[in-house]
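What the coordinates show
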Amino acid sequence: MPHLPQSGDILPSEITPEAVYLNRRQLIAAGAGLAAAGLLPTAQAAGELAAKPSRYNVGGEEKNSLEQITHYNNYYEFGTDKDDPAKNVGTLKTRPWTVRVEGACEKPQTFDIDKLLKLVPLEERLYRLRCVEAWSMVIPWIGFPLSELLKQVAPTSKAKYVEFTSLADKSQMPGLLAGVLDWPYTEGLRIDEAMHPLAIMAVGLYGKVLPNQNGAPIRLVVPWKYGFKSAKSIVKIRLLETQPATAWNKAAPNEYGFYSNVNPEVDHPRWSQATERRIGEFLRRKTLPFNGYGNEVAGLYKGMDLKKFY
Ligand code: MTE
C-alpha cells in the first residue's frame, strides 16, 4: 500500500468528546461531498483535495498508476534505491509545516501550509515528468502556480533568481546519514522561469494529498526540466539577486547544470538523453525538447546556447 498521509495521525476520538466528534464526522462527510463537487478549495476529508481541471494538460498520454508513481521514486533523504522512499517515508512528519519565503521582497512571510492552501487556486494538472536518468512518467498533480505564492511576498526588482530548500532533519530522514549530497537539498530557477504559469507547487496527486514519497506536503514541479529540479518537501524559498548553488550542481558540476532543461541533443556525460523509458512501457520513446513544453517555454531561452547552459 502506498503511504497516503491522512488528515492527522491522532484519531479525533482520542482528543474530542464523542458527541462533538460524531458531529464533526458528519460535517467532514458533508465536506467530502462538496470537495468531490469541486466546491471547496482545500482538503476536507480523508486526504481528498478539491481542484479544478486545468488547461495545462498533456494530451493523449496514459497516466501512470498510483502504484508506479508512489513506488519508483527518487528521494535520497530516504535512500537511493527506487523503492526506498516508499519503505522509509513513514517517519516524515508533514504537519505542522511552514514554508518561509524571504529575500528580495517587500513582505517576507512564513506560511502555514493549511493557511496557504486557502490562499491559492488548486488545479489538477496532468504533466510529464522526465527524470535525468532517462525514464519518465505522466502524473496527475494537484497544485497551484508558483507565481501565486511569490506574489504574496511582493518580489522587488532585485529578485532575479529563486532558491528552494528541502527539509533536512536527521531524526525524520535516514538517508541524510549517507553523505550522497551536501544537505539540505537545494534547487534554483531564474525568476522568469519561476513566474511561468507551468511552474507549480504540488500538494497532491490522484485527487489526494501528496504521498510522503512524492515530496509531501509541498514540492516544486517544473515540467520542462529534468525531475531533479523539482525539489521535494520544501521549507524555504529565497528570492536572490545572484544565481544560487544547487545540490546536484555542487555534487557533479560537469553532469548537472543550473538550467537542466530537458534536451535530447545534450547527452549526459555517462548516457544519452535522446530517448526515455516510460515507466510501465517496454519500447523506448523519443525525448522531446523541453519535455514537450517547447511551445510554452522555449521563448524563455531565446538567444541562449543551450549546449553551454545545460
Ligand atoms: N527532492 C529532494 N529533496 N530529494 C531528492 O532526492 N529527487 C529529485 C526530485 N526532487 C529529489 C527531490 C529527482 S532526481 C526526481 S526525478 C524527482 O524528485 C522525482 O519525483 P517523484 O518521486 O515524485 O516522481
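All of these numbers come straight from a predicted model, not from anything done at the bench.

**A closer look at the overall build of the protein chain**
Tallying secondary structure elements over the protein chain gives 9 helices and 13 strands in all. Each of the 310 residues in the protein chain was classed as buried or not, and the buried ones make up 52%. Across the protein chain, contacts joining residues at least 24 apart in sequence account for 71% of those joining residues at least 6 apart. When the accessible surface of the protein chain is split by element, carbon and sulfur atoms take 54% of a total near 14600 Å².

**Remarks on the pattern of salt bridges**
Summed over the entire model, instances satisfying the criterion amount to 18 salt bridges. A salt bridge links Asp192 to Arg190; its shortest N-O distance comes to 2.8 Å. For Asp192, a relative accessible area of 30% puts it in the partly exposed group. Judged by relative accessible area, which is 14%, Arg190 ranks as buried. Between Glu276 and Arg278 there is a salt bridge; the shortest N-O distance is 3.9 Å.

**What about the site of the ligand?**
Every one of the 15 residues lining the ligand counts as a neighbour, but Asn73, Tyr76, Glu77, Ser230 and Lys232 are closest to it. Residue Tyr76 places a main-chain N or O atom 2.8 Å away from an oxygen atom belonging to the ligand. Within the complex, the protein chains bury 98% of what would otherwise be the 540 Å² of accessible surface of the ligand.

**With respect to the packing of aromatic side chains**
All told, the structure shown has 11 aromatic pairs when counted by the stated rule. Among the aromatic side chains, those forming a connected cluster through ring pairs are Tyr161, Phe258, Tyr259, Phe290, Tyr301 and Phe309. A cation over an aromatic ring shows up here: Lys229 above the ring of Phe258, its NZ or CZ 4.5 Å from the ring centre.

**A few points about the pairing of strand β2 (residues 98–103)**
As paired elements, β2 and strand β3 (residues 109–112) share 4 bridges and run antiparallel to each other. Paired with Arg100 across the two strands is Thr110, which belongs to β3. Two strands pair when backbone bridges link them, and β2 and strand β11 (residues 234–240) are joined in this way by 4 bridges, in the parallel orientation. The residue of β11 that forms the bridge with Glu102 is Arg238.

**As for the sheet that holds β3**
Adjacent strands of a sheet pair through backbone hydrogen bonds, lying either parallel or antiparallel. Taken in spatial order, the 5 strands of this open sheet run β3-β2-β11-β6-β7, and their pairing is mixed. Each end of this open sheet is capped by a strand with a single partner; those strands are β3 and β7 (186–190). Adjacent strand axes in the sheet meet at a mean angle of 15° when their direction is disregarded.

**Looking at the side chain of Arg125**
Relative to the helices and strands, Arg125 resides in strand β4 (residues 123–130). Residue Arg125 is classed as buried on the basis of its relative accessible area of 3%. Of note is the side chain of Arg125, whose polar atom sits 2.8 Å from the side chain of Glu123. If we ignore the near neighbours within four places in the chain, the residues touching Arg125 are Ser54, Tyr56, Asn57, Ile139, Pro140, Trp141, Pro145, Pro197, Leu198 and Ile200.

**A short note on the nonpolar core**
Trp141, Trp224 and Ile237 are the most contacted members of the largest nonpolar core, which totals 83 residues. Top contributing element to this core by residue count: strand β5 (residues 135–145), with 7 residues. The residues touching Ile237, leaving out its near neighbours within four places in the chain, are Val99, Arg100, Val101, Glu102, Leu149, Leu150, Val162, Glu163, Phe164 and Met201.

About the thresholds
- Residues numbered from 1 in each chain as written.
- Predicted model: local features only at pLDDT ≥ 70, side-chain atom pairs only at ≥ 80, totals over all residues.
- Heavy atoms only, no water.
- Helix = DSSP H or I, 4+ residues; strand = E, 2+ residues; numbered from the N terminus.
- Buried < 20%, exposed > 50% of the residue type's maximum accessible area, 1.4 Å probe, protein only.
- Contact = heavy atoms within 4.5 Å.
- Areas by Shrake-Rupley, 256 points an atom, 1.4 Å probe, with all protein chains shown as cover.
- Salt bridge = Lys/Arg side-chain N within 4 Å of Asp/Glu carboxyl O.
- Near = heavy atom within 4 Å.
- Polar contact = N/O pair within 3.5 Å; in protein donor to acceptor, adjacent residues only side chain to side chain.
- Phe/Tyr/Trp six-rings, centres within 6.5 Å; stacked < 30°, edge-to-face > 60°.
- Lys NZ or Arg CZ within 6 Å of the ring centre and 35° of its normal.
- Pairing = 2+ DSSP bridges.
- Axes fitted to C-alpha atoms, helices over the stretch in contact; angles between N-to-C directions.
- Core = buried A, V, L, I, M, F, W, Y, C linked by side-chain atoms within 4.5 Å.

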